[in-house]
Amino acid sequence: MNSNAMIKAVVENDMCIGCGMCATQCKTGAIRMKMNDFGFYNANVNDLQEVDENAIKVCPFNPKPDDKVKTENEISELFLTQANNQHNKIGRYISTYAGYSVEHRINSSSGGIATYTLTELMRRGEVQHVISVKTGQATEHYQYAIISSISELFDSAKTKYYPVTLADALKDIGKLNGKVAIVGVACFIKAIRLAQFYDPVFNDKVGFIIGIICGGVKSAFFAEYLASKAGVSVKDFSKPEFRIKDHHSTASDYAYGCLDGNNNQHTIKMRDVGDMWGTGLFKANACDFCDDVTTELADLSVGDAWLEPYIQDGRGHNVLVTRSLLADDIIKSGMFDGALVIEVLAESTFLASQQGSYNHRHDGLSYRIKHGRTDEGAIPPKRFNKNLASPLLMLIQSLRMNSRRKSLDIWKKERLASVFDARMKKHLFILRLLTKLNHYLRAIRQRINRVVNF
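As annotated in an unreviewed UniProt entry, the chain carries the name Coenzyme F420 hydrogenase/dehydrogenase, beta subunit C-terminal domain and comes from Aeromonas sp. 19NY04SH05-1. Per its UniProt entry, the chain bears the Cofactor (unreviewed entry) comment "FAD".

Attention now goes to the nonpolar core. By size, the foremost hydrophobic cluster in this structure holds 98 residues, and its most contacted members are Ile17, Met21, Ile31, Tyr256 and Phe282. The element contributing the most residues to this core is helix H7 (residues 186-198), with eight residues. In contact with Ile31, other than residues within four places in its own chain, are Ile7, Cys22, Ala23, Cys26, Ala43, Asn44, Val45, Val51 and Ala55. Counting 23 residues, the second largest nonpolar core, distinct from the first, contains Ile113, Tyr116, Leu118 and Met122.

On to the sheet that holds strand S8 (residues 180-185), then. Taking strand neighbours across the sheet as the criterion, the eight strands line up as S7-S6-S8-S9-S13-S14-S5-S15 in an open arrangement whose pairing is mixed. Two strands close off the open sheet at either side, each with one partner strand: strand S7 (142-147) and strand S15 (340-344). Recorded for the sheet is a direction-independent mean angle of 30° between the axes of neighbouring strands. Here five bridges tie strand S5 (residues 95-101) to S15, and the two strands are oriented antiparallel to one another. Paired with Tyr100 across the strands is Val341, a residue of S15. Strands S5, strand S6 (129-135), S7, S8, strand S9 (206-212), strand S13 (300-304), strand S14 (318-322) and S15 of the sheet are contacted by helix H5 (residues 113-124), whose axis makes an angle of about 175° with S9.

We now examine the pattern of salt bridges. Within this structure, the stated rule accounts for 29 salt bridges. Ionic pairing is found between Lys158 and Glu241, a salt bridge with its closest N-O pair at 3.3 Å. In this pair, Lys158 is assigned in the loop between S7 and helix H6 (167-170) and Glu241 in strand S10 (residues 238-244), connecting sequence segments 83 residues apart. The partner of Asp288 in a salt bridge is Arg368, with the nearest N and O atoms 3.7 Å apart. Of this pair, Asp288 sits in the loop between helix H10 (270-273) and S13 while Arg368 is found in helix H14 (residues 365-371), placing the two residues 80 residues apart along the sequence. The same class applies to Asp288 and to Arg368, which are both buried.

What follows covers the side chain of Ser156. Tracing the sequence through the fold places Ser156 in the loop between S7 and H6. Residue class for Ser156 comes out buried when judged on its relative accessible area of 12%. Setting aside chain neighbours within four positions, we find Ser156 in contact with Ser132, Val133, Lys134 and Ile147.

Here we take up the pairing of strand S1 (residues 31-35). The sheet contact formed by S1 and strand S2 (residues 41-45) spans five bridges and is antiparallel. Its bridge partner being in S2, Met35 is matched across the sheet by Tyr41. The turn joining S1 and S2, which pair antiparallel and follow one another in sequence, is formed by five residues; a positive phi near 80° is taken by Gly39.

Once that is clear, we can look at the environment of Ala43. Within the secondary structure, Ala43 is located in strand S2. Classification of Ala43 by relative accessible area gives buried; the value is 7%. Considered as a pair, Ala43 and Tyr225 are 182 residues apart in the sequence and their alpha carbons are 25 Å apart. Dropping the residues within four chain positions of it, Ala43 is found in contact with Ile7, Val11, Cys16, Cys22, Ile31, Arg32 and Met33.

In this section: the packing of aromatic side chains. The final tally for this structure, using the stated rule, is 16 aromatic pairs. Relative to Phe242, the ring of Phe222 lies with its centre 6.0 Å away and its plane at 10°, an arrangement referred to as stacked. Taken together, the positions of Phe222 in helix H9 (residues 220-229) and Phe242 in strand S10 put the pair 20 residues apart, joining distant regions of the chain. Looking at Phe222, the relative accessible area reads 1%, which means it is buried. A centroid spacing of 5.6 Å and a plane angle of 45° characterise the contact between Tyr225 and Phe282, whose relative ring orientation is tilted. With a gap of 57 residues between them, Tyr225 in helix H9 and Phe282 in the loop between H10 and S13 connect regions that are remote in the sequence.

Quick notes on the rules
Residues numbered from 1 in each chain as written. Predicted model: local features only at pLDDT ≥ 70, side-chain atom pairs only at ≥ 80, totals over all residues. Heavy atoms only, no water. UniProt positions renumbered as here; feature names shortened; annotations may be inferred. Core = buried A, V, L, I, M, F, W, Y, C linked by side-chain atoms within 4.5 Å. Buried < 20%, exposed > 50% of the residue type's maximum accessible area, 1.4 Å probe, protein only. Helix = DSSP H or I, 4+ residues; strand = E, 2+ residues; numbered from the N terminus. Contact = heavy atoms within 4.5 Å. Pairing = 2+ DSSP bridges. Axes fitted to C-alpha atoms, helices over the stretch in contact; angles between N-to-C directions. Salt bridge = Lys/Arg side-chain N within 4 Å of Asp/Glu carboxyl O. Phe/Tyr/Trp six-rings, centres within 6.5 Å; stacked < 30°, edge-to-face > 60°.

Next comes the structure, spelled out in C-alpha cells:
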C-alpha cells in the first residue's frame, strides 16, 4: 500500500484526529486539512499528487509504525531521557505536583500553570515563539497560531473544546528564528514527537512541549449544541467559551458562554446540560483507541485537579507532571519565588485525579478494539489490552460507543438542542443509570478492600 492509500485508509477508518502533521510533512502539497460533515478536521488526499513517505510515519494513529516509535513507551525513551521515574499509567516523569499560578490563575480554565510556563520559557529565552490555540479568524472560532510575544499569550489561555489543526501553523516552522514551544493534547503531541524523530529540521526547532491532559477531542457540533442549549441559533453564535469559572462555587461548576448575532452573551451552567464526557457525546472515534491518559510525551503535562481538596475551589487548580529538567526547574523556581502555589503530589494521589479516564481508556480499550466498528487492522499497537471481566462494564462500553455515534448522526440532521435531547434521552438515561450503578459497586468494593487490608 502506497502513502496515498495509507493516509486515506486512516481517514476512511475514522481514525484521523485532524492534527495536520501529515500535511506539514508532505512537501508535495498532496494533503489538505478540511472539516468533514461531522465537525472534525480530516486529511484530504489529492490523488493526482504523490504523498511523501513521512506523511504516514508522523500520523499518531498510523496502524503500522516503525518499531523504534511503536508506542508511547518507545518514543518516551528517545525524548524524555532526563525523567528518572516510570509508571505504566503516568509514563516517564520527574515529579507530580498540584497548584496554581498567582498571576495567571484567574484568567485560565484551572490553575494557569501552562500560561505561566510559556511566559517563563519566553522570558528566559528558552523559546522565541509559542504555537498554541487562540481566537480564530473569519469562520473559525479557534485555530493554532504562532505567538511571538508574552503579551499575546493571554489569548491562548483557557481550554477550547473545539477542533483545530496544526497544519497551517507548522508549515513554515523552519523559517522562524529561534526555538518554538508547542501546546497540544496527547495525540497531537505524539505527532510532534514523531515529526521530531523523522525530520531533523523540525526537531531542531522544537524547544519545549506542553501537553494538555485530555478527556477526548470534541466535534464542532459540541460548541453548536451548547450554543443552542444557551438559547442561541447555531447560525449566529460566536466566541464560544467553554470554561467560565464560578469563583464562589466548586471547580467543576463552570459554565459555557457565547455571543448571539447581536453580540449579547448567553451562558449555561454545564451541570444543567448533563454529563458530556462520560457519555462520549460528540467525541472523535480515534479517541476511543488512545491509551495515553497523561500526555506522556510532553516536557510538562497539565490537567485539572479533579480531586479533594482542590475541586472545592472554583478558582481552579492544576495537576502537573514534569518530564524534563527544564520543566521541573520552572516549577520549582516558581515555587521558590512565590509565583506559583504548588505542592508535591504523591504518585497515588495523582493517579486518583485521573481515575475516571484510566477506567475508560485502559480498562475498556480491549473491548472497544474487539467490538467497535473500526477494523482492528486500522488500530495502532496498544499497551493496555486487559479483557473486561464484568458484563456491566462491557455493556457500558457498548452504550458509550453507540452514544458517540448517535450524537454525531443526530446533530448532523437536527441542529436544535431540544430535538437532539429528545432523541437521545432514552439511550442516555440507560447509560447514565448503569454508570451510576458501576460507580456505586466500585465504591463498595473499595470499602471492602480497605476493611480487609486494615
